[in-house]
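Here's the letter readout for the chains.
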Amino acid sequence: MQKNWWKESVVYQIYPRSFFDSNGDGIGDIRGIIKKLDYLKYLGVNVIWLSPVYESPNDDNGYDISNYHKIMDEFGTMDDLVELINEIHARGMKLIMDLVVNHTSDEHEWFQQARKSKDNPYRDYYIWRPGKDGKEPNNWRSNFGGSAWEYDPDTDEYYLHLFSKKQPDLNWENPKLREEIYKMMRWWLDKGIDGFRMDVINFISKVPGLPDGKIKPGETYASGSKFYRNGPRIHEYLQEMHEQVLSKYDVMTVGEMPGVDVEEAKKYTNPERKELNMVFTFEHMSLDSGPYGKWDLKPLMLTDLKENLTKWQKGLNGIGWNSLYWNNHDQPRIVSRFGDDGKYRVESAKMLATCLHMLQGTPYIYQGEEIGMTNIRFDSIEDYRDIETLNLYREKVIVGNEEPEQVMESIYAKSRDNARTPLQWSDNPQAGFTTGEPWIKVNPNYKEINAKQSVEDPNSIYHYYRKLIQLRKQYPIIVYGDYQLLLPEHEQIFAYLRIYQDQKLLVITNFSEDNIPFELPVDVEFSANDLLISNYEMNDNNFNKFILRPYEARVYLV
Ligand code: NOJ
């Protein structure tokens, strides 16, 4: 297998709005990030992924960009950003930026031009269609609820928006648009950034004709996703992007790809095809959702999780490359989701980290994960800020007359605001995030859960992550080893082997709050028992037969 720096990296994601506020306006900013770089360096990560900091009206917190070449005022200036790049590089780390090019903001100059008239030169940068029988051009639902089309009375046509109506989709069929995007990407890479995380990049090619989807019983709109995910020209576009831009730099690329499966991921990440380095799959993040999508809650079956992660580990091995993540700015906090955010918060956070970080792939840590931050339960919908959450509430409770309590349960479990409460730096007011009024309330548990406490306590989750990162740097088996699942049918234990040259790694994790007997299957050859890491005091040395304590994790090397 070919060795690359991005395979050996650990990435830390910063959601700037909630990271650290340096000027007291209640909103995190670039100077705030610069102030905290030593905290990240000490943690040991070597790549930072920065969520969008470009100019934006913030309908979707920066994922609606109105100018790709400017920095949002609230976050600072271009000089601040250049300083951030320099300070990151001075510490031997790298920076990847978010690339949001499935759509722009409706306030982007291109769209402002496009909506002026049907013959405006920018019209074809977006996807416009006349109505059908006085209604929308097709029945697709927007990913943020409601129709995916917005009527423009001035030109008597609709434009497509797979997200909010302030995020019109770009028309990648237009070669001029593609050239503009590539130019913009080169402009950023020439500024010295080290790669891109590409927002819903597998949505950019739509099936011609934009056919209707199938409406589920009880719903008004259909998911059009099979007509825009991994669409007919997606690989062609990415290969063109590679040729025109990526191949000219030593960069790291990761594509966010809802609805990607292993077979498609092989195509996206096989280096011979010259597309991307890795993708974010959503499959393991949907195992606790029912048929009606993310708000349709369902308990996780550990066997499903194991089966899924195993499929990805084996499927991409030697062909492409995996990204490994539990959290990001769109997902609830993992310790509240697959762990226990009460009695066993520390143990389960460490266990989940072990399970993920010992896999093959590039691990991603989302801000606050390294201190075990938890989900939030705001009493009132008024305290939520996320457009997806607010749209859901309006659609279900205000328009749909559903019981607010039930809808709030879904919001507590899955709202994106779970990940967006400010990073808890200390037990000072507002968790030390700001001296002002934060744009979204802090989680009241910051007195116990905060970075200051975590850095000071050698047994903290933070120090455990540090150790996991160090182990990855030290042992190539963790990066490159083959993977083999053990005990596939077990409902509580997730155990696997990694195999590399003459070494083996045995990873054993307990996903339950019970004491569970573990027994190494007899056909597994594993002899010596060098304990690399564990999340409990050890009082036995039996790697092949012992009782796993609640959320216990152990890693042995031979
Ligand atoms: C995925 C991003 O991660 C999410 O935050 C955003 O709302 C959508 N793409 C639309 O850009």
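A brief report on the enclosed structure follows. Remember, it's a predicted structure, so these values are computed and weren't measured experimentally.

About the thresholds
Residues numbered from 1 in each chain as written. Predicted model: local features only at pLDDT ≥ 70, side-chain atom pairs only at ≥ 80, totals over all residues. Heavy atoms only, no water. Helix = DSSP H or I, 4+ residues; strand = E, 2+ residues; numbered from the N terminus. Rg over C-alpha atoms; globule rule 2.2 N^0.38 Å. Contact = heavy atoms within 4.5 Å. Buried < 20%, exposed > 50% of the residue type's maximum accessible area, 1.4 Å probe, protein only. Pairing = 2+ DSSP bridges. Near = heavy atom within 4 Å. Polar contact = N/O pair within 3.5 Å; in protein donor to acceptor, adjacent residues only side chain to side chain. Areas by Shrake-Rupley, 256 points an atom, 1.4 Å probe, with all protein chains shown as cover. Nonpolar A, V, L, I, M, F, W, Y, C, P; charged D, E, K, R; others polar. Arc of directions from axis to C-beta.

**Comments concerning the overall build of the chain**
Along the chain, the regular secondary structure elements total 15 helices and 22 strands. Here the C-alpha radius of gyration of the chain, 23 Å, is about what a compact globule of 558 residues would show, namely 24 Å. By its C-alpha atoms, the chain is 75 × 55 × 50 Å across when sized along the principal axes. Summarising the internal contacts of the chain: among those between residues at least 6 apart in sequence, 70% fall at separations of at least 24.

**So, the pairing of strand S17 (residues 493-500)**
Counting buried residues along S17, seven of its eight residues qualify, which places the element largely inside the surrounding structure. Two elements, strand S16 (residues 482-486) and S17, share five bridges in a ladder whose sense is antiparallel. Following the sheet pairing, Leu486 is matched in S17 by Ala495. Where S16 folds back onto S17 in an antiparallel hairpin, the turn is made up of six residues, including Leu487, whose phi is positive at roughly 45 degrees. Note that S17 and strand S18 (residues 503-510) share eight bridges and pair antiparallel. When the sheet's bridge partners are listed, Tyr500 is paired in S18 with Gln503. Counting the residues between successive antiparallel strands, the hairpin from S17 to S18 contains two residues, one of them, Gln501, with a positive phi of roughly 50 degrees.

**Side note on the site of the ligand**
The environment of the ligand is formed by 13 residues, the closest being Asp60, Asp199, His329, Asp330 and Arg416. Taking His329, its side chain carries an N or O atom lying 2.8 Å from an oxygen atom of the ligand. One of the side-chain nitrogen or oxygen atoms of Asp330 is found 2.5 Å away from an oxygen atom of the ligand. Alone, the ligand offers 290 Å² of accessible surface; in the complex the protein occludes 97% of this. Across the shell around the ligand, the residue classes tally to four nonpolar, two polar and seven charged.

**Details of unusual backbone geometry**
Residue Asn61 is not a glycine yet carries a positive backbone phi of 45 degrees. Tracing the backbone through its elements, the reader meets Asn61 in the loop between strand S3 (54-55) and strand S4 (67-71). For Asn61, a relative accessible area of 15% puts it in the buried group.

**Examining helix H7 (residues 262-269)**
Among all positions in H7, only Val262, Glu264, Ala265, Tyr268 and Thr269 are buried. Projected down its long axis, H7 shows its buried positions confined to an angular sector of 155 degrees, all on one face.

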